[in-house]
Amino acid sequence: MKSVLCRAWDSSMCRPLDHIITGRKERKINRRFIRALTSVLFLYTILGPPLRAAICSINSHVASCGFLHLSPDMDLLFLILCCLILYYRHLQSQETNPKWESANIHHFHDCATALLADAGYSLESKEILGQRYFATCDPANVRHVFTSNFNNYPKGHEYAEIFDVLLGAGIMNSDGESWRRQRAKAQMLMTAPRFRAFTAQCSRDKVEKSLPPFLALAADEGRPCDLQDVFLRLSFDLTCTLVFGVDTGCLHGHWAAGGSLHARHGRYVGDDFPPPRHPHGVLETDEKAKCWAREEDGRTIDSFIAEMVARARRRADDKSNEGAADLFSSFLCHDNTSDDGESTDEFIRDTTVNLLFAGRDGPATGLSWLFYLVSKNPRVEQKLLEELSALVATLRDGAGSAVDTSGGGGGGGMVTFGRSEVNSLVYLHAALCEPLRLYPPVPFEHKVAAAADVLLSGKELKAGAKILFLNYSMGRMEGVWGKDCTEFWQERWVTKEGKLRHEPSYKFFSFNTRPRTCLGKELAFVQMKTAAAAVLWNFVVEVVPGHVVKPKLSPILHMKNGLIVRVHRRFHGPQVEASDDSPRKK
Ligand code: HEM
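Predicted model only: the values in this text are computed from it and were never measured.

A. Layout of the overall build of the chain. Scanning the chain from terminus to terminus reveals 19 helices and 13 strands. Across the 586 residues in the chain, those meeting the buried criterion constitute 51%. Long-range contacts, defined here as pairs at least 24 residues apart, represent 76% of the contacts in the chain between residues at least 6 apart.

Here it is in structure tokens:
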């Protein structure tokens, strides 16, 4: 991976997503057609009278020679002919761009979903990403490409080049042997029981320390807040704790918006995607400024990681690290070598950036869409509160002592939940699956066929063919999820016996599928459930009237305008005494 200092924003980086996002080429065609038509009319107005005069003079000349007369209205005929030719060429250009022109920046996901539903889940287009793509949301194709014939479908060089600046040679941006080694190492560290316990403990501690206090302050001051930003800060702090053992403290009662490490990280990893082009190119001033700011963000993140790595190494050297369960400390205890057998700072940097990227955005995005959907579905909120209420009552009976920890008391009185409680919350788990289905944090995946192949649908792919998997669309296909596919219906995830219903991962594709399935899935659910239960139980969340919520087009499905809400403390009856792993009063 290039160092941040010498990284140049290659203009090709922006090209692919520019096209898919804006449908710019198609709009250009429409504009070109209108411009040509206007030019013809303009020329007709200017040149019409002299043309008519010329025809008259020709007529008088040919009359003397005994030839046929030209009508003076011939100019009108020319005009009509020109228009017909232009219209024909316009129709032709439309044929080669099968309707992706409507897939503009504001409606890309929904337009693509409608097109794929019409086409029977898959279609080929020359104009997605500025080149020929086979776009699909068919679970059978997912299964074939991601599982059955996995080795034939790497992410590809182009993908690696686009994300090189962000992810380097880290696990999320590698294929083949390099990916296999990194995956084995990361899997070993992330599935260790010690790390799992550490994850659960950190999630609860962080939520308890930061989330209710921040929201309580917002509630008491009566000011609106951006819940998406709150969740992103929470996830960033938590991920840094899990990766480096350091809480970055981005979620506090008050902060300097935009100046924090979290904001820099967000901009750097692609909240503003596609990244601006090279600053030395022909650019608008604001684009150049963005570009420089982004390089500055990259330098800040690089030095933050370098500092974290140096600290962890010092701790390891002087043995004060013993017992530390964060990923980086565990990594140092194991073999910390790169693919070619060398331990390199660059490799460590890429690995940690990948983990920060993976860990921050997924849970925060899932939580944001959950609260947006819950605010629109009071039925769901009621059901979730009933589940939490039953849990609290069980614990109260078990403990045999009820204490008043109601949120309304002047002394805080917030309640948070531990791992064993959130594990038992089936409806909350089911409710979280719905936003992950309808608004998957990773809305598309990209693959390339290494060798020619035939998909189960019968589609023949040549070697080098590019495939785009549209996860957002898959969650909204009637044939896959039923007639109510666009509705929030958490019951679809619960069996008659009240257990969680398993859906195969090639159908519920939000966490990818084997063998490249997300390594943080379990961790993410613990984190999301801990945070969601604390917010639901302690607060009423209302989206500010008039605030427009819509998905942003970026590699992560953030909300374009954030989620601006007002929160109010929620009042409950008597609750429970806190025990170590039971609802904890603050
Ligand atoms: C709701 C939360 C999350 C969602 C929806 C999610 C989704 C995904 C998806 C779709 C991929 C495949 C990406 C690709 O190959 O292009 C992935 C990979 C990965 N995720 Fe997550 N993720 C979430 C949370 C996390 C967390 C909290 C971590 C831990 C820090 C994590 C760690 C990883 C890693 C290491 C990979 C790479 C796996 C590989 O390539 O073999 N994820 N995740």
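The structure having been displayed, the exposition proceeds.
B. Up close: the coordination of the iron atom of the ligand. Here the protein supplies the iron atom of the ligand with just one donor, Cys518 (SG), and that contact is 2.3 Å long. Residue placement: Cys518 occurs in the loop between α18 (478–481) and α19 (521–538).

C. Quick peek at the sheet that holds strand β3 (residues 225–226). Overall, antiparallel pairing links the 3 strands, which are arranged β3-β11-β10 in an open sheet. The open sheet has two free edges, formed respectively by β3 and β10 (539–543), since each of these has just one partner strand. Here 5 bridges tie β10 to strand β11 (residues 564–569), and the two strands are oriented antiparallel to one another. Following the sheet pairing, Val540 is matched in β11 by His568. Running over the sheet, α19 touches β10 and β11 and is turned about 95° from β10.

D. Fine view of the nonpolar core. Counting 94 residues, the largest nonpolar core has Leu211, Leu215, Leu227, Phe231, Phe371 and Phe417 as its most contacted members. Looking at which element gives the most residues to this core, the answer is α19, with 10 residues. In this structure, this core is formed jointly by two domains, domain 1 (11–167) and domain 2 (171–585), each of which donates at least three residues. Discounting residues that sit within four places of it in the chain, Leu211 has contacts with Lys206, Val230, Phe231, Leu234, Leu251, Ala531 and Val535. Core analysis: the next-biggest nonpolar cluster, separate from the first, contains 29 residues, Phe198, Leu238, Leu242 and Leu327 among them.

E. Region of interest: the pairing of strand β6 (residues 444–448). Burial analysis of β6 places 5 of its 5 residues in the buried class, the great majority of the element. Burial along β6 is two-sided: the residues Phe444, His446 and Val448 and Glu445 and Lys447 are all buried.

F. Local environment of the site of the ligand. Lining the immediate environment of the ligand, one finds 26 residues, of which Lys155, Trp179, Arg183, Arg516 and Cys518 sit closest. In this structure, Arg516 approaches the ligand through a side-chain N or O atom, which is 2.9 Å from an oxygen atom. No other element matches the 5 residues that helix α13 (residues 345–376) contributes to the shell around the ligand.

G. Summary view of unusual backbone geometry. Following Arg514, the chain continues into Pro515 via a peptide bond in cis, with omega recorded as 5°. Take Pro515: it is sitting in the loop between α18 and α19.

H. Looking closely at the packing of helix α9 (residues 227–244) against α19. At a minimum axis separation of 12 Å, α9 and α19 run at an interaxial angle of 135°. It follows from the interaxial angle that α9 and α19 lie oblique. Note that α9 runs across α19; the crossing there is right-handed. Here Phe231, Leu234, Ser235, Leu238 and Leu242 of α9 come into contact with α19, specifically with Leu523, Gln527, Ala531 and Val535. For the contact of α9 with α19, the per-class residue count stands at 7 nonpolar, 2 polar and no charged.

I. Inspection of the pattern of salt bridges at higher detail. Counted according to the given criterion, the structure contains 21 salt bridges. Glu177 is the partner of Arg180 in a salt bridge, and the nearest nitrogen-oxygen pair spans 3.7 Å. Of the two residues, Arg180 and Glu177 are both situated in helix α7 (residues 176–190); the distance of 3 residues between them amounts to about one turn of the helix. Its relative accessible area of 49% is what places Glu177 among the partly exposed residues. Its salt-bridge partner being Arg570, residue Glu381 comes within 2.7 Å of it at the nearest N-O pair. Taken together, the residues span a long stretch of sequence, with Glu381 in helix α14 (residues 378–399) and Arg570 in the loop between β11 and β12 (575–576) at a distance of 189 residues. Beyond isolated ion pairs, a larger network of salt bridges with shared partners links Lys206, Lys209, Asp237 and Asp247.

J. Layout of the UniProt feature "binding site: heme" (unreviewed entry) in the chain. Taken from the UniProt record, the annotation "binding site: heme" (unreviewed entry) applies to Cys518. Setting aside chain neighbours within four positions, we find Cys518 in contact with Phe511 and Asn512.

K. View of the side chain of Lys155. For Lys155, the position within the fold is in the loop between α5 (139–148) and α6 (157–167). Buried and unpaired, Lys155 has Glu445 as its nearest opposite-charge partner, separated by 5.1 Å. Reaching out from Lys155, the side chain makes a polar contact with the backbone oxygen of Met172 at a distance of 2.7 Å. Sequence-distant contacts of Lys155, defined by excluding residues within four places in its chain, comprise Met172, Asp175, His446, Lys447, Val448 and Arg516.

L. The packing of aromatic side chains, seen in detail. Overall, the coordinates contain 15 aromatic pairs when judged by the stated rule. Ring centres 5.6 Å apart and planes at 45° place the aromatic pair Trp481 and Trp493 in the tilted group. Of this pair, Trp481 sits in helix α18 while Trp493 sits in the loop between α18 and α19, placing them 12 residues apart in sequence. Each member of the pair Trp481 and Trp493 is classed as buried. An aromatic cluster of three or more residues is present, and its members are Trp481, Trp493, Phe508, Phe511 and Phe525. One residue, Arg437, lies across the ring of Trp481, its end atom 5.3 Å from the ring centre. In this arrangement the basic side chain of Lys507 is found over the ring face of Trp481, its NZ or CZ atom lying 4.5 Å from the centre.

Criteria and cut-off values
Residues numbered from 1 in each chain as written. Predicted model: local features only at pLDDT ≥ 70, side-chain atom pairs only at ≥ 80, totals over all residues. Heavy atoms only, no water. Helix = DSSP H or I, 4+ residues; strand = E, 2+ residues; numbered from the N terminus. Buried < 20%, exposed > 50% of the residue type's maximum accessible area, 1.4 Å probe, protein only. Contact = heavy atoms within 4.5 Å. Donors = N, O, S within 2.8 Å, 3.2 Å for Na, K, Ca; no water. Pairing = 2+ DSSP bridges. Axes fitted to C-alpha atoms, helices over the stretch in contact; angles between N-to-C directions. Core = buried A, V, L, I, M, F, W, Y, C linked by side-chain atoms within 4.5 Å. Domains from an automatic or database assignment. Near = heavy atom within 4 Å. Polar contact = N/O pair within 3.5 Å; in protein donor to acceptor, adjacent residues only side chain to side chain. Parallel < 35°, antiparallel > 145°, perpendicular 65-115°, else oblique. Left-handed = near helix turned anticlockwise from the far one by under 90°. Nonpolar A, V, L, I, M, F, W, Y, C, P; charged D, E, K, R; others polar. Salt bridge = Lys/Arg side-chain N within 4 Å of Asp/Glu carboxyl O. UniProt positions renumbered as here; feature names shortened; annotations may be inferred. Lys, Arg positive; Asp, Glu negative; His and termini not counted. Phe/Tyr/Trp six-rings, centres within 6.5 Å; stacked < 30°, edge-to-face > 60°. Lys NZ or Arg CZ within 6 Å of the ring centre and 35° of its normal.

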